[in-house]
Amino acid sequence: MTIRVVVADDQALVRRGFTMILRVHHDIEVVAEAGTGLEAIEAARRHHPDVILMDIRMPEMDGLEATSRILEEADWGARVLILTTFDPDEYVYKALRSGASAFVLKDIPPEQLATAVRTVAEGGTLLAPSITRRFIDRFAQRRVNTVAAARLARLTGREREIMTAVARGASNAEIAEQLVIGAATVKSHVSSILTKLGLRDRIQIVIFAYESGLIEAGDHDVGH
């Protein structure tokens, strides 16, 4: 299937560059470009893309607000990949809280951009290693969210085990091996966790696991 993409960046040269890189791949179609957050929202409404490449700093409305609005409206499974030259902690945290599925820097090698788009389109998550380390370190300074902690009561003991493993960076196959259960069973439990807690994807599971105090930041050693 063709992955439909919207490229949103306030610099025309950057937009065109991303578009040219992606259009050489037969399984990716760039359906629109946007230069502001408002244009990104309009493009999403009009074209129903699978993935939106979203810059953070844009006029009229920034990419974080645009991401939040698009994902609130999208009923077709749209996913957002944040691309930026900036990577301070507050941007990472806000981007992931807004529902973004990936956060990578604009110096990503061109050949990796299409891979990132495919990963996000397939329901995966992606964080640059340097971003991940600081993102997790940030949680060490945060207080436990008592509301989130209370919501943990919705999960079974097994679901808590699996949530902990996901938050520590384990794949479904690795969790299956650790707990001596089938990969399909792990996948079913992850889906149940997402449903019970109203989360979008594995990145939000990681955020929730730390905010709720299920695990401590010092325990985490992630890849992506």
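1. Considerations on the packing of helix 8 (residues 157-167) against helix 10 (residues 183-197)
The geometry of helix 8 relative to helix 10 is characterised by a closest axis approach of 10 Å and an angle of 95° between their N-to-C directions. Relative to helix 10, the element helix 8 is oriented roughly perpendicular. Residue-level inspection shows Arg158, Glu159, Ile162, Met163 and Val166 of helix 8 in contact with helix 10, the latter providing Val186, His189, Val190, Ser192, Ile193, Lys196 and Leu197. The residue inventory of the contact of helix 8 with helix 10, partitioned by class, reads seven nonpolar, two polar and three charged.

2. Focus on the side chain of Arg15
Its location among the elements puts Arg15 in helix 1 (residues 12-23). In this structure Arg15 comes out as buried when scored by relative accessible area, which is 15%. Apart from the residues lying within four places of it in its own chain, the contact partners of Arg15 are Val7, Asp9, Asp10, Glu33, Ala34 and Gly35.

3. Some thoughts on the packing of helix 8 against helix 11 (residues 202-211)
Here helix 8 crosses helix 11 at 105°, and the two axes come no closer than 8 Å. One way to sum up the angle between helix 8 and helix 11 is to call them roughly perpendicular. Across from Met163, Val166 and Ala167 in helix 8, the residues of helix 11 making contact are Arg202, Ile205, Val206, Phe208, Ala209 and Tyr210. Residue composition of the contact of helix 8 with helix 11, grouped by class: eight nonpolar, no polar and one charged.

4. Structural notes on the environment of Gly213
Tracing the sequence through the fold places Gly213 in the segment after helix 11. A relative accessible area of 36% means that Gly213 is categorised as partly exposed. Once the C-alpha coordinates of Gly213 and Ala149 are considered, the two residues, 64 residues apart in sequence, prove to be 6.5 Å apart.

5. Things to note about the pattern of salt bridges
A side chain with one charge may pair with a side chain of the opposite charge, provided their charged atoms come close. Taken as a whole and assessed by the stated rule, the structure comprises 11 salt bridges. Measuring nitrogen to oxygen at the nearest pair gives 3.6 Å for the salt bridge that ties Arg16 to Glu33. With Arg16 in helix 1 and Glu33 in strand 2 (residues 28-34), this pair connects stretches of sequence that are 17 residues apart. Take Arg16: its relative accessible area is 48%, and that puts it in the partly exposed class. On the accessibility criterion, Glu33 (29% relative accessible area) is partly exposed. Ionic pairing is found between Glu159 and Lys196, a salt bridge with its closest N-O pair at 2.9 Å. Of the two residues, Glu159 sits in helix 8 while Lys196 sits in helix 10, which places them 37 residues apart along the sequence. For Glu159, a relative accessible area of 4% gives the class buried. Residue Lys196 is classed as partly exposed on the basis of its relative accessible area of 30%. Linked through salt bridges whose partners overlap, the residues forming this network are Asp9, Asp55 and Lys106.

How each quantity is defined
Residues numbered from 1 in each chain as written. Predicted model: local features only at pLDDT ≥ 70, side-chain atom pairs only at ≥ 80, totals over all residues. Heavy atoms only, no water. Axes fitted to C-alpha atoms, helices over the stretch in contact; angles between N-to-C directions. Helix = DSSP H or I, 4+ residues; strand = E, 2+ residues; numbered from the N terminus. Parallel < 35°, antiparallel > 145°, perpendicular 65-115°, else oblique. Contact = heavy atoms within 4.5 Å. Nonpolar A, V, L, I, M, F, W, Y, C, P; charged D, E, K, R; others polar. Buried < 20%, exposed > 50% of the residue type's maximum accessible area, 1.4 Å probe, protein only. Salt bridge = Lys/Arg side-chain N within 4 Å of Asp/Glu carboxyl O.

Geometric descriptors of this kind do not, in isolation, establish any biological role.
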